[in-house]
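This is what each chain is made of:
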Amino acid sequence: MQFTDAVVLESPTDHFAQRQPGAVLEFADFKRFLVRDGREHGAEYRFDSRATAPITENGSVVGVRYDGDEEVRADIVVDATGPAAPLAKQLGVSDLERQNQAIGIEWEMEGVEVDHPDYADLTDAMMLRLDHDLAPGGYSWIFHTGGDTAKVGLCYIQNEKYHSNADGMNIDDYLDQWLDSDPRFADAEKLAGKQHRGSAHIQPPNQLSTDGFVAIGDAVPTIDPLWGEGIHKGLKSARAAAIAADHCLTGTVDTSAEEIDVYDTLWHRDVAPDAGIRLLMTHLLYYAPNERYDRLMRDINAMDLDTLASANGGSLRAIAKLLHREDLPMLRDFVRENPEIVKRGLSDYVPLL
Ligand SMILES: Cc1cc2nc3c(=O)[nH]c(=O)nc-3n(C[C@H](O)[C@H](O)[C@H](O)COP(=O)(O)OP(=O)(O)OC[C@H]3O[C@@H](n4cnc5c(N)ncnc54)[C@H](O)[C@@H]3O)c2cc1C
């Protein structure tokens, strides 16, 4: 839809802007392109079909049951059904926990004032906003798609830490609350039917494959928890699965868990090499209160770009530069409440943990 050349981070009263090329996708067109491209490479699609269960023989997955009692057989079955993950769940490969579920909604809008005098200029930019009043335990965004149009969305982790039933608000209500209160949307309209909603899990995978089977994309889940980048990560996991399938089917066909494990190795090495620390950073980011977000903006504005890139890449030394003595009580409470996340996040750095 639009090439962008900046990323803006907003807190309740401050912001940070950085030059960074990007692209906002027309997601439906992108999926149609993938189907077209797949067909050109010999793929066959069955639309409006629902996979319901894996077919297993002698402990190995050999096909899929769909639409009642229809069956399709395969040397290797790939679950790419996103967080629904019906096959991966039944095989015990994926254990997606409700308390880690993040939900999101996005609308394409027109009439958005992308260069409002009270805010950063969002022309040709992707903006992510950290503000618990708007998205408790998550963030909201404006991605400019040209002229006065933008994709406007919001996502958050849907557990009781950030959301009590008492507020009676669902995600649509949160988005509407933002649209009603932010002057950039004073004359904005949602484009009819142009919405995208879904979920992903902010948790590490426990397993990625088994005999004759791999799970890719958010079935596992693969999404980068920190910035919600799921499309590129999903494509990378598909590429890793293709390499593993090629390995298992070339020469002597062997789709055993031991051979297909190439996928797990590639996933951890190339697709999400720093999953543990990124998960820790994500949970810590959502844990921080609104005032801390304003301080974070001041800190990253003062930081050199190399250190900032290192912090985003999970360097403990760079992350430490964003923490202060006053954060100690918050860090202590976070560690106390999230021992497993901390242990896993730091285990790459301190192998004995
Ligand atoms: C509001 C929102 C905004 C987002 N914005 C971005 C963004 O800006 N950038 C980014 O990189 N990522 C973004 N993401 C995340 C991204 O959309 C996902 O990470 C990505 O789509 C995951 O891809 P996937 O193929 O694993 O799963 P999905 O895209 O969820 O695709 C799964 C497919 O499987 C189908 N399916 C489900 N169950 C079955 C079944 N039983 N049988 C057959 N088919 C089934 C579904 O209908 C769907 O077509 C966003 C997500 C949301 C919700």
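About the thresholds
- Note on numbering: residues in each chain are counted from 1, in written sequence order.
- Confidence filtering applies because this is a predicted model: local features only for residues at pLDDT of at least 70, side-chain atom pairs given and counted only at 80 or more, and all residues used for totals across whole chains, interfaces and linings.
- Values shown for side chains rest on all heavy atoms present in the structure; no hydrogens or waters enter the calculation.
- Here, proximity means that at least one heavy atom of the residue falls within 4 Å of the molecule or strand.
- Under this definition, polar contacts are N or O atom pairs within 3.5 Å; protein pairs additionally need one hydrogen-donor-capable and one acceptor-capable atom, and for neighbouring residues in sequence, both atoms have to be side-chain atoms.
- Surface exposure here means Shrake-Rupley accessible area, sampled with a 1.4 Å probe, where a residue is shielded only by the protein chains that are shown.
- In this description a helix means any DSSP run of H or I spanning at least four residues, a strand means any run of E spanning at least two, and both kinds are numbered starting from the N terminus.
- Whether a residue is buried, partly exposed or exposed follows from its accessible area with a 1.4 Å probe, protein chains only, as a fraction of its type maximum: under 20%, in between, or over 50%, in that order.
- Here a residue-residue contact requires only that any non-hydrogen atoms of the pair lie within 4.5 Å.
- Every case where a carboxyl oxygen of Asp or Glu lies within 4 Å of a side-chain nitrogen of Lys or Arg is listed as a salt bridge.
- Two strands are counted as paired when DSSP detects at least two bridges linking them.
- Interaxial angles span 0 to 180 degrees and are taken between N-to-C directions of axes, which are lines fitted to C-alpha atoms, for helices over the stretch in contact.
- For this classification, under 35 degrees means roughly parallel, over 145 means roughly antiparallel, 65 to 115 means roughly perpendicular, and everything else is oblique.
- By convention the crossing between two helices is left-handed if the near helix lies anticlockwise of the far one by an angle smaller than a right angle, and right-handed if it lies clockwise.
- Any residue that is not Ala, Val, Leu, Ile, Met, Phe, Trp, Tyr, Cys, Pro, Asp, Glu, Lys or Arg is counted as polar, Gly included; the first ten are nonpolar and the last four charged.
- Pairing of aromatic side chains requires ring centres within 6.5 Å, counting the rings of Phe and Tyr and the six-membered ring of Trp. Pairs whose planes differ by under 30 degrees are stacked, by over 60 edge-to-face, and all others tilted.
- Placement of a positive charge over a ring is assigned whenever Lys NZ or Arg CZ falls within 6 Å of the ring centre and within 35 degrees of the normal to the ring plane.
- To estimate how far a helix should reach, multiply one less than its number of residues by 1.5 Å.
- Where each domain begins and ends is defined by an automated method or by a domain database.
- Take the accessible area each of two parts loses on contact, using a 1.4 Å probe, and add the two losses: that sum is the buried area.

Peer 1: Sorry if this is basic, but what is going on with the site of the ligand here?
Peer 2: Around the ligand lies a shell of 24 residues, among which Ala51, Asp218, Gly228, Gly230 and Ile231 are the nearest. Side-chain polar atom of Asp218 to an oxygen atom of the ligand: 2.6 Å apart, as the coordinates give it. Between the ligand and Gly228 there is a distance of 3.2 Å, counted from a nitrogen atom to a backbone nitrogen or oxygen. When the free accessible area of the ligand is taken as 1000 Å², the share hidden by the protein chains comes to 68%.

Peer 1: In this structure, what is going on with the side chain of His144? I would like to understand it.
Peer 2: Locating His144 in the fold gives a position in strand S9 (residues 138-144). Overall, the relative accessible area of 4% leaves His144 in the buried class. Separated by 3.4 Å, the side chain of His144 and the backbone nitrogen of Gly146 make a polar contact. Polar contacts involving the side chain of His144 include one to the main-chain carbonyl oxygen of Gly147, which spans 2.8 Å. Every residue in contact with His144, bar those within four places of it in the chain, is listed here: Gln2, Thr4, Val24, Val114, Leu122, Thr123, Asp124, Ala125, Thr149 and Ala150.

Peer 1: Honestly, the pattern of salt bridges in this entry has me stumped. Any pointers?
Peer 2: Note on pairing: side chains with opposite charge can pair once their charged atoms come close. Throughout the structure, instances matching the rule amount to 19 salt bridges. Between Asp224 and Arg278 there is a salt bridge, with the nearest N and O atoms lying 2.5 Å from each other. Of the two residues, Asp224 is situated in the loop between strand S13 (213-215) and helix H4 (231-249) and Arg278 in helix H7 (residues 275-287); the sequence distance between them amounts to 54 residues. On the basis of relative accessibility, which here comes to 9%, the residue Arg278 falls in the buried class. Asp270 is the partner of Arg269 in a salt bridge, and the nearest nitrogen-oxygen pair spans 2.8 Å. Among the residues examined, Asp270 registers a relative accessible area of 34% and is labelled partly exposed.

Peer 1: How do you make sense of the sheet that holds strand S6 (residues 77-79) when you look at a structure like this?
Peer 2: Paired through their backbone hydrogen bonds, the strands of a sheet run either parallel or antiparallel. Pairing is mixed across the open sheet formed by three strands, whose spatial order is S6-S13-S12. Taken across any chain shown, the strands that pair with only one partner, and hence form the sheet edges, are S6 and strand S12 (209-210). The pairing of S6 with S13 spans three bridges and is classified as parallel. Looking at the pairing, Val78 lines up with Val214 of S13.

Peer 1: Explanation requested: the packing of H7 against helix H12 (residues 339-346) in the structure shown.
Peer 2: A packed helix pair is summarised by two numbers, namely the angle formed by the two axes and the spacing between the axes. Direction vectors running N to C along H7 and H12 enclose 140°, while the axes themselves pass 7 Å from each other. When the axis of H7 is compared with that of H12, the two are oblique. Where H7 crosses over H12, the handedness of that crossing is left-handed. Contacts between H7 and H12 involve Gly276, Ile277, Leu279, Leu280 and His283 from the former and Ile341, Val342, Arg344, Gly345 and Leu346 from the latter. Residues that form the contact of H7 with H12 fall into these classes: six nonpolar, three polar and one charged.

Peer 1: Before we go on, may I ask you to explain the packing of aromatic side chains in this structure?
Peer 2: For any two aromatic rings, the description comes down to two numbers: the centre-to-centre distance and the angle of the planes. Here the structure, examined in full by the defined rule, presents seven aromatic pairs. Relative to Phe33, the ring of Phe30 has its centre 6.4 Å away and its plane inclined at 25°; by these criteria the two rings are stacked. Of the two residues, Phe30 and Phe33 are both situated in helix H1 (residues 27-40); the distance of three residues between them amounts to about one turn of the helix. Owing to a relative accessible area of 17%, Phe30 belongs among the buried residues under this scheme. Members of the aromatic cluster, connected to one another through ring pairs, are Tyr139, Trp141 and Phe143. If you follow Arg184 out to its NZ or CZ, it ends over the ring of Tyr119, 3.7 Å from the centre.

Peer 1: Quick question: what am I supposed to make of helix H8 (residues 290-302) here?
Peer 2: In an α-helix, one turn spans 3.6 residues, which is why side chains three or four residues apart end up on the same side. Over its 13 residues, H8 runs 19 Å from end to end, which matches the ideal 18 Å to within 8%, given 1.5 Å per residue. What H8 keeps buried is the set Asn290, Arg292, Tyr293, Asp294, Leu296, Met297, Asp299 and Ile300. In this structure, the buried residues of H8 make contact with strand S1 (2-10), strand S2 (15-24), H7 and helix H9 (305-312).

Peer 1: What is the right way to look at the domain arrangement of the protein chain in this model?
Peer 2: Interfaces are often sized by the amount of accessible area the parts lose when they come together. You can read the domains of the protein chain as domain 1 (2-27 + 99-201) and domain 2 (276-346). Look at where the C-alpha atoms of domain 1 and domain 2 centre, and you get two points 22 Å apart. The partner domain 2 presents 17 residues to the 20 residues of domain 1 that form the contact. Between domain 1 and domain 2 the total buried area reaches about 1500 Å² when both faces are included, carbon and sulfur atoms providing 64% of it. Ranking the residues of domain 1 by area buried against domain 2 places Phe16, Leu130 and His132 at the top, with a combined share of 36%.

Peer 1: Honestly, the sheet that holds strand S8 (residues 125-129) in this entry has me stumped. Any pointers?
Peer 2: Pairing is mixed across the open sheet formed by seven strands, whose spatial order is S2-S1-S8-S9-S10-S7-S11. Of all the strands in the sheet, just S2 and strand S11 (189-201) have a single pairing partner and so form its edges. Each adjacent strand pair in this sheet contributes to an overall mean axis angle of 20°, direction not counted. Looking at chain direction, strand S7 (residues 101-110) and strand S10 (residues 150-157) are connected through eight bridges and run antiparallel. Residue pairing across strands places Trp107 opposite Val152, the latter belonging to S10.

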